[in-house]
Amino acid sequence: AIEDNQVISILMPSINRLGLYMLFLQASRRAFSTTAFSTLRISSSSALRSRPKIHPSRTSLSISLTNNQTFSSMPTPDDNDDVQQQQQQQQQQQPPPPIAATMTESDRYLFDLNGYLVVRNVLTPSEISACHAAIDAHLSSAVPRSDPTLRNAVRGSPMYGAGPPRIDLGGILEWGEVESRVFKSILAHPKLVPLFHGLLGKGYRLDHLPFVLMNDKGGEGFQLHGGTVDCTSGEYNSHLAYTCHNGQIRSALLGCNVMLVDHNPGDGGFCIVPGSHKSNFKMPEGMVDGLMHQEYIVQPATKAGDVVLFSEGTVHGAMGWNSDVQRRCALYRFAPATMAYGRSYFQGDAGPSGTTMWPEKFYEDLNEAQRAVLEPPYANRLDRPNIREDGSVEITERSGRKKQHDKDVFKTKYF
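To start, this report covers the structure provided alongside it.

### Topic: the overall build of the protein
In step 1: Looking only at helices and strands, the protein features nine helices and 15 strands.
In step 2: A total of 415 residues make up the protein; the buried ones form 45% of that total.
In step 3: A fraction of 78% describes how many contacts in the protein between residues 6 or more apart in sequence connect residues 24 or more apart.
In step 4: Here the protein displays about 21900 Å² of accessible surface, and carbon together with sulfur accounts for 55% of that area.

What follows is the structure, encoded as structure tokens:
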């Protein structure tokens, strides 16, 4: 018979080897799990913060790029196709962030406090690149504001820059399905619709023809302007009115700046006087040119893909552009259902007298929500399409009996 201590002596080497193996296996699993999690976290962060590579601007007013290279296609030393492809795959696998059904309390407070709001990461890096490619393809149509009567700032002021004029490019909703797709998405973008509803109400509409602003280094900005009380004359601007009653904000005209390049602190570009939408007096002498009280004039720091929403009743302008990267941003303006400042929608000179429609190409490749934003000004109760929270559209209308009464009285469908 084998004694107990002999059995233990015989089995001990095997037990020790098995224990060591199990310990090694557990440590390996922990190391793999930690490494995999760290790699995923770093890759996901890189994908979310990746930005399209942009080359320095050219200061020539010819608006042409050397060696047939375009803004969106300039190579960079650190380009890595494999890494970029991996980041794109990770972005596609991630579910889209939840979209608020209504304007949040924080956004409502901050807009009412300052008269503007920065909405982060509205456009993705691939969408930003698509915008640049479209702009590059139409650079020959861009128009510098070279004529002295078109200059927007006083020589020697912070808004004037080093002298090169601003460059304007129109037609961004008329470039076809591919090149205008991202620009048209702004009309009813899921991240912006709750804010448009909160600031303009249901049935909001496009009011101006949108366009792209460009500045090369040293390019001219824009003297401060606007204000519910005009910042230079002191007169009340009813067409730029800002109101807030019982927690409901309404802005008679809303600016929407879609930033296509980074605007870092000190770069210049869009600037604003926070809280001036509630001012009751014109500005002190020299302030509209940035020569006095500069500490009250703010240049919001933004990244490519961010959007700045601002009441046109908030005094705003643009500082001279200081960055080596060409400034590019797309400017839209929106209004409540019953209001109009511009008359671009009223194409009486392009068709039958009284025709109320935008340029024909605006309507190509739109979904019904985007199309609803192109309606002319009239009240919601008169069969106006309204965008629902889920992106679908409903028609707001009166009873059939009232409609028939108006038809009997006026011999037309609407009074």
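### Observations concerning the pattern of salt bridges
In step 1: In this structure the tally under the stated criterion is 16 salt bridges.
In step 2: Across the pair Lys 202 and Glu 389 runs a salt bridge whose closest N-O atoms are separated by 4.0 Å. Of this pair, Lys 202 sits in the loop between helix H7 (193-200) and strand E4 (205-206) while Glu 389 is found in the loop between strand E14 (382-387) and strand E15 (393-397), placing the two residues 187 residues apart along the sequence.
In step 3: The salt bridge partner of Glu 397 is Lys 403, with a shortest N-O separation of 2.9 Å.
In step 4: Judged by relative accessible area, which is 51%, Glu 397 ranks as exposed.

### Let's talk about the side chain of Arg 205
In step 1: Among the structural elements, Arg 205 can be located in strand E4.
In step 2: Accessibility expressed as a relative area gives 0% for Arg 205, which makes it buried.
In step 3: Here Asp 207 takes part through its side chain, which lies 3.0 Å from a polar atom of the side chain of Arg 205.

### Remarks on the environment of Thr 396
In step 1: With respect to the helices and strands, the residue Thr 396 is situated in strand E15.
In step 2: Thr 396 sits 17 residues away from Ala 379 along the chain, and the two C-alpha atoms are 9.4 Å apart.
In step 3: When neighbours within four sequence positions are excluded, Thr 396 is seen to be in contact with Asn 380, Arg 381, Leu 382, Asp 383, Arg 384 and Asn 386.
In step 4: Only 2.2 Å separates the side chain of Thr 396 from the backbone oxygen of Asn 380, close enough to count as a polar contact.

### Focus on the side chain of Asn 215
In step 1: Within the fold, Asn 215 resides in strand E5 (residues 211-215).
In step 2: Asn 215 gets classed as buried once you look at its relative accessible area, which sits at 1%.
In step 3: Within the structure, the side chain of Asn 215 is placed 2.9 Å from the backbone oxygen of Glu 220, a separation counted as a polar contact.
In step 4: Beyond its immediate stretch of four places on either side in the chain, Asn 215 contacts Pro 165, Arg 166, Glu 220, Trp 321, Gln 326 and Arg 327.

### Observations concerning the pairing of strand E7 (residues 242-245)
In step 1: Pairing analysis gives four bridges linking E7 to strand E8 (residues 248-251), with the strands arranged antiparallel. Counted as the bridge partner of Cys 244 is Ile 249 from E8.
In step 2: The turn linking E7 back onto E8 is made up of two residues, and Asn 246 within it adopts a positive phi angle of 50 degrees.

### As for the packing of aromatic side chains
In step 1: Taken as a whole, this structure holds nine aromatic pairs when the rule is applied.
In step 2: Geometrically, the ring pair formed by Tyr 345 and Trp 358 is tilted, given 6.4 Å between the ring centres and 55 degrees between the ring planes. With Tyr 345 in the loop between strand E13 (327-335) and helix H8 (368-372) and Trp 358 in the loop between E13 and H8, the pair connects residues that are 13 residues apart, well separated along the chain.
In step 3: Relative accessible area serves as the criterion here: at 14%, Tyr 345 is assigned to the buried category.
In step 4: Residue Trp 358 is classed as buried on the basis of its relative accessible area, which comes to 1%.
In step 5: An aromatic cluster of three or more residues is present, and its members are Phe 196, Tyr 204, Tyr 332 and Phe 334.
In step 6: If you follow Arg 205 out to its NZ or CZ, it ends over the ring of Tyr 345, 4.9 Å from the centre.
In step 7: Sitting above the plane of the Tyr 378 ring, Arg 384 keeps its charged end 4.5 Å from the centroid.

Calculation notes
Residues numbered from 1 in each chain as written. Predicted model: local features only at pLDDT ≥ 70, side-chain atom pairs only at ≥ 80, totals over all residues. Heavy atoms only, no water. Helix = DSSP H or I, 4+ residues; strand = E, 2+ residues; numbered from the N terminus. Buried < 20%, exposed > 50% of the residue type's maximum accessible area, 1.4 Å probe, protein only. Contact = heavy atoms within 4.5 Å. Areas by Shrake-Rupley, 256 points an atom, 1.4 Å probe, with all protein chains shown as cover. Salt bridge = Lys/Arg side-chain N within 4 Å of Asp/Glu carboxyl O. Polar contact = N/O pair within 3.5 Å; in protein donor to acceptor, adjacent residues only side chain to side chain. Pairing = 2+ DSSP bridges. Phe/Tyr/Trp six-rings, centres within 6.5 Å; stacked < 30°, edge-to-face > 60°. Lys NZ or Arg CZ within 6 Å of the ring centre and 35° of its normal.

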